[in-house]
Amino acid sequence: MGYLLAVPGLLAGTGAAALDSPSGPGRDAATARVSIHIRSDHLTLRVAKAPQVYLSGNFGTEAVRQVQRLLGEGKIPPGSDVYLDSSSGDVASGMALGRLFRAARLNTHLGAWREASRHGMPARPATCLDACAYAWLGGLYRWSPSGADRIGLHEALLPDRADAAPGTPAPQALRDYMQSMDVRQEYFAQVLGPAVDGVVWWNAEKMAPWLVANNGRLPLTASYAPSPGAPTLVLTQVVRGGQNRIELQCASGQVTLTAYDTVGEARARQLAARAVYAYFEVDRQAWDPRHGERPHTEGDALVFARRMPFVQLAPLLRTVSLGAWVEIAGSPVRLGFSLAPVAVAKLTQPFYASCLALQPGAKPAANPAKRARPSFWKRIFGRPS
């Protein structure tokens, strides 16, 4: 049975500085509150496929305690969507919330709570600052802000600082936390905007391309199957409700790319019947978009393949955006997905080396195991015989 639960909590003493705004007056920790609303009615479960949890107010130790209790009681089930809206709290509690979210496989969004209304009044914009931003990073699936929602950090709480702000975790602890949440520092740096009144707001449009947000996608994996004539690389990404996959098979002078978009057997058949054309994108640039066979179905996946010249393989493996898209007749939007091969660059290097060896004029790589052994005299006396 669906329910709506509201949990107001009074902030307990944290022992650490509650950072409302380093440059402005802070909120009295004794009166700061955390509010938790859970929407789990039948309509929500049918449309959103999961309960919705709205967490706002002060992200301190009381927020951690309340969320931990609700998880233990089963009132926040695994896989729930958590909507965050907070500009106060302490970063240590924010990271503790993030760890709870990840352990329970919760998903994070920005969003402000509003009561159900027949008038359809829009929700006010949500702001996720400091402790809230670190909590947001804990989502298994985490969505970029939309509309007027925004997320950011005060400059004193950025993970690249040399010294910790008073009462906050050490920068190395912040970096370790972000790494444990699959956020790479060099990518995170790409989403940071200029500081405005001491706050660095994150660029929402860059968060998914630079893998700070995953918008419903888990980290990319790669598997390489060596073969004397046709080495194969498989890039796979688990997404909420399925998985996306691109297979690359190398041959002399070319690479064949095959995309598998898991959409369900019935939907795959419907889309294949209405597909106009399909294409790959590298760095958001379409490659030969109107040529090649139309997509077909294989089980529960919509599938299409294209051949690319070998010379395009190196930039393809370094891109943050390899897209596979299908245009559907009568639809204003394209369907498909994008992967970031650069995220698994170390795993794709053996595949590239094997492909390179297949190309005309390629010289076989030296086999370290077959180096000439030094002579007996060299080994004994350190000089040639």
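Residues numbered from 1 in each chain as written. Predicted model: local features only at pLDDT ≥ 70, side-chain atom pairs only at ≥ 80, totals over all residues. Heavy atoms only, no water.

A. Seen up close, the sheet that holds strand β18 (residues 322-328). Pairing is antiparallel in the open sheet, where four strands are placed in the order β15-β14-β18-β19. Both edges of this open sheet fall to β15 (285-287) and β19 (335-339), since each of them pairs with a single strand only. Between one strand axis and the next, the sheet turns through 25° on average, direction left out of account. Contacts from helix α8 (residues 265-274) reach β14 (275-282), β18 and β19 within the one sheet, and its direction differs from that of β14 by about 95°. (Pairing = 2+ DSSP bridges. Helix = DSSP H or I, 4+ residues; strand = E, 2+ residues; numbered from the N terminus. Axes fitted to C-alpha atoms, helices over the stretch in contact; angles between N-to-C directions. Contact = heavy atoms within 4.5 Å.)

B. Highlighting the nonpolar core. In this structure, L84, W136 and W202 are the most contacted members of the largest nonpolar core, which totals 47 residues. Looking at which element gives the most residues to this core, the answer is helix α4 (residues 131-136), with six residues. Leaving out residues up to four positions away in the same chain, W202 has contacts with A133, W136, L137, I151, G152, L153, F188, V191, L192, M207 and V212. Within the second largest apolar cluster, 32 residues are counted, among which are L235, L322, V326 and F337. (Core = buried A, V, L, I, M, F, W, Y, C linked by side-chain atoms within 4.5 Å. Buried < 20%, exposed > 50% of the residue type's maximum accessible area, 1.4 Å probe, protein only.)

C. Examining the packing of helix α2 (residues 61-72) against helix α3 (residues 91-103) more closely. For the pair α2 and α3, interaxial distance at closest approach is 9 Å and the crossing angle is 15°. Our classification of the angle between α2 and α3 gives roughly parallel. Where α2 crosses over α3, the two elements pack in a sense that is left-handed. Contact with α2, carried on its side by T61, A63, V64, V67, Q68 and L71, involves S93, A96, L97, L100 and F101 of α3 and no other residues of that element. The residue inventory of the contact of α2 with α3, partitioned by class, reads eight nonpolar, three polar and no charged. (Parallel < 35°, antiparallel > 145°, perpendicular 65-115°, else oblique. Left-handed = near helix turned anticlockwise from the far one by under 90°. Nonpolar A, V, L, I, M, F, W, Y, C, P; charged D, E, K, R; others polar.)

D. Region of interest: the state of the cysteines. Evaluation of the coordinates by the stated rule reveals two disulfides. Each disulfide pairs two cysteine sulfurs, and for C128 the partner residue is C132, the sulfurs being separated by 2.0 Å. Judged by the torsion about the S-S bond (-105°), the C128/C132 disulfide is left-handed. For the residue pair C128 and C132, the accessibility class agrees, reading buried in each case. (Disulfide = S-S within 2.5 Å.)

E. Fine view of the packing of aromatic side chains. This structure, assessed with the given rule, holds eleven aromatic pairs. Arranged with centres 6.2 Å apart and planes meeting at 35°, the rings of Y277 and Y279 form a pair that is tilted. Residue class for Y279 comes out buried when judged on its relative accessible area of 6%. What links up through ring pairs into an aromatic cluster is the set Y54, Y83 and W113. Its end group placed over the ring of W325, R334 keeps NZ or CZ at 3.9 Å from the ring centre. (Phe/Tyr/Trp six-rings, centres within 6.5 Å; stacked < 30°, edge-to-face > 60°. Lys NZ or Arg CZ within 6 Å of the ring centre and 35° of its normal.)

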